[in-house]
Amino acid sequence: MLQWGRSSSLRRLERTFIEKVPEWKESKKKDTGELTVLLEEERTIPPKPHFTNKANIKDESIYESASKDPEKFWENFANQLYWFKKWNKVLEWNPPYARWFVGGRLNISYNCIDRHIHTGKRNKAALIWEGEPGEERCLTYWDLYREVNKFTNVLYNLGVRKGDVVTIYMPMIPELPIAMLACTRLGAIHSVVFGGFSAEALSDRINDAEAKLLITADGGYRRGNFLTLKHIADEALQKTPTIKNVIVVRRGNFPVKMKEGRDHWYHELMQDAPSYYRPEPMDSEDILYILYTSGTTGKPKGIIHTTGGYLTGVYATTKWVFDLKDDDVYWCTADIGWVTGHSYIVYGLLALGATVIMYEGAPDWPERDRFWAIIEKYGVTIFYTAPTAIRAFMKWGEELPKKHNLSSLRLLGTVGEPINPEAWMWYYKNIGQERCPIVDTWWQTETGMILITPLPGLTTLKPGSATKPFPGIIADVLDEKGNSISVGGGYLAIKKPWPAMLRGIYKDLDRYVKQYWSKWSKDIYFTGDGVKRDEDGYFWLLGRVDDVMNVAGHRISTMEVESALISHPIVAESAVVGIFHEIKGQAIVAFVILKEGNKPSLEKEEELKEHVVKKIGKIARPEKIIFTPELPKTRSGKIMRRLLRDIAESRVLGDVTTLADPGIIEELKKKYEGKE
Ligand code: WTA
């Protein structure tokens, strides 16, 4: 039986197949895991001298030396952090269990704050925060030091001890990273739950981790509305027996119910808190945090990250991938509730003593140019966002960024899903003004750090490709049996441990082994992603393997068809799914959002089908195109193909609790059934 990463949808699809096509079982056995790669992208963009001259890393030989001795390579970065006690051994690898910097002791909040206070960055802006309604707060490293120390004492006084789990359910306000850093100072394990999740999702996560304390806020602003987090938390708290205390930050002065003896105001507790807490010297392998990830399917898994290796990995990648300099103003638009925010808003950046922008709200509030206004206002130099956002910007038009001075930007990044070459080019031209390299960074909650990425001063870019493994990362493209495919498509696999790798799934060791280390052998990490390697050794991510269709014996990535559709001038966004088809095995159904000013019609449906044929070939011709104003997305912006498949196959809908806007489904169903 094949393993399909985090997808249960494919297993379901597989069952449907087996029921309807008896010989399918047979053909599946012959499956080699090779993908049929159809889209070719030939543009290349070499690094520009103005960038390379000043880049942190410009010597190609680093790839070779790192791959010869990865342990030495990583150790060199670990040496740039502050350790109370040095490690005895860089790596202990008993597949699939790794221990990094064995015997070393360090503290993350010390590395992210205290160190900078002592080395001349005391008055440097650490966090610059903008609320959605427009307020501004700037915390220097000294401010952060003071707040984190006090809040660590607050946690201690409420009984939190080393090894306890603290759940954090907050909007994007500075108290969120302060709370995370306070946990690390004391040695508590944090579990941040994205502020957009429901009460049920929150209580599930609290209970799975058996958290002792919850940190939340009265609410936060989103698109002009106040999200009442404390109300949602109250509902969750009815089912969470392990929570003894709740700390509430006052963000908006909104009425909340405080339960006597359990709930406490942050500002009241902080008033009398002592101003220093000695950072706990943590073992390198002590748990730093748990982060639940469900991707688009299945029961959430509590991914475990530990201390020394994680910090080393995010430190190294921040420094080299973002080419971070002392005077940079860095902005990552992710929410800290996701791994991107953990690694590349909080830990990597603060470990380097950077200035980080944090924005609370939506990109289209009050107007659709809010992001560009923020870049102009604070002189942002490095901007890191997601392809889904870029496609929204494309849809809104290039006039909006043109209204602002974006000349401070020097580097752009993307993360979260494959970026279509057209979206890449749009970003390059309209935001980066053909001046800024784009780092398309591939990684996962599980990997903790960026693994496949350009190095901006060194790598010739190809739009749509995440380019090459970071130095020291041994990635490969494998077929079903584990044979390496030097040119062509297959599964993305990582063949050597890396410092920020996950150490397990909380309370579910079996699943850790089964999910990630069993596809080929227990020393090869299965990413669950499809990838193509081209003649130059570049990696082209094709999406989750559960997003791969099998049409008439050809495996086609949904992403390739989407790219083809998006390259048509009237298309803003599209999501493609494979549905059961008597003859072809699977047929392609495309959900399409048209750019503003275009009305759906039968002619347009035909035109787009032909366009895909022209771009890819006849086998990729969509069976059906459904025009829609929106697509169902998780709160982190990933398209929920599982739901689209359910609609397209008219099945009972699966779990919709992670859906950002459940109303979309009903609308889509009506459209599909032809009632609208
Ligand atoms: C996808 C987010 C293509 C991929 C950091 C991966 C990407 C999943 C890229 C992890 C990229 C992330 N190009 N695909 N640059 N970055 N992905 O855990 O399918 O939320 O497995 O971590 O996102 O998502 P997660």
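Residues numbered from 1 in each chain as written. Predicted model: local features only at pLDDT ≥ 70, side-chain atom pairs only at ≥ 80, totals over all residues. Heavy atoms only, no water.

Let us now look at the sheet that holds strand S4 (residues 125–130). In a beta sheet, neighbouring strands are held together by backbone hydrogen bonds and run either parallel or antiparallel to one another. Read across the open sheet, the seven strands follow the order S5-S4-S17-S16-S18-S19-S20; overall the sheet is mixed. In this open sheet, the two strands that pair with only one neighbour each are strand S5 (136–140) and strand S20 (438–441). If you compare each strand with its neighbour and ignore which way they point, the axes differ by 20° on average. Bridge count between strand S18 (residues 382–385) and strand S19 (residues 411–415): four bridges; the pairing is parallel. For Tyr384, the partnering residue across the bridge sits in S19 and is Gly413. On top of the sheet, helix H14 (residues 370–378) reaches S4, S5, strand S16 (329–332), strand S17 (355–359) and S18; it is set at about 145° to S4, its chief contact. (Pairing = 2+ DSSP bridges. Helix = DSSP H or I, 4+ residues; strand = E, 2+ residues; numbered from the N terminus. Axes fitted to C-alpha atoms, helices over the stretch in contact; angles between N-to-C directions. Contact = heavy atoms within 4.5 Å.)

If you walk through the whole model with that rule in mind, you get 51 aromatic pairs. Judged by centre distance (6.4 Å) and plane angle (45°), the rings of Trp74 and Phe77 are tilted. Here Phe77 and Trp74 lie together in helix H5 (residues 70–78), a separation of three residues that amounts to about one turn. Judged by its relative accessible area of 0%, Trp74 is buried. What makes Phe77 buried here is its relative accessible area of 2%. An aromatic cluster of at least three residues, connected via ring pairs, comprises Trp93, Tyr97, Trp498, Tyr512, Tyr516, Trp517 and Tyr525. Taking the ring centre of Trp142 as reference, the NZ or CZ of Arg122 above it sits at 4.1 Å. (Phe/Tyr/Trp six-rings, centres within 6.5 Å; stacked < 30°, edge-to-face > 60°. Buried < 20%, exposed > 50% of the residue type's maximum accessible area, 1.4 Å probe, protein only. Lys NZ or Arg CZ within 6 Å of the ring centre and 35° of its normal.)

Let's shift gears to the site of the ligand. Around the ligand, the structure places 16 residues, and the nearest of them are Asp440, Thr441, Gln444, Thr445 and Asp529. Between Asp440 and the ligand, the recorded distance is 2.7 Å, taken from a side-chain N or O atom to a nitrogen atom. The side chain of Asp529 places a nitrogen or oxygen atom 2.9 Å from an oxygen atom of the ligand. In the complex, 93% of the free accessible area of the ligand, which totals 530 Å², lies under the protein chains. Elements represented by at least two residues in the shell around the ligand include exactly helix H13 (339–351), S20 and strand S25 (539–544). The residue inventory of the shell around the ligand, partitioned by class, reads six nonpolar, five polar and five charged. (Near = heavy atom within 4 Å. Polar contact = N/O pair within 3.5 Å; in protein donor to acceptor, adjacent residues only side chain to side chain. Areas by Shrake-Rupley, 256 points an atom, 1.4 Å probe, with all protein chains shown as cover. Nonpolar A, V, L, I, M, F, W, Y, C, P; charged D, E, K, R; others polar.)

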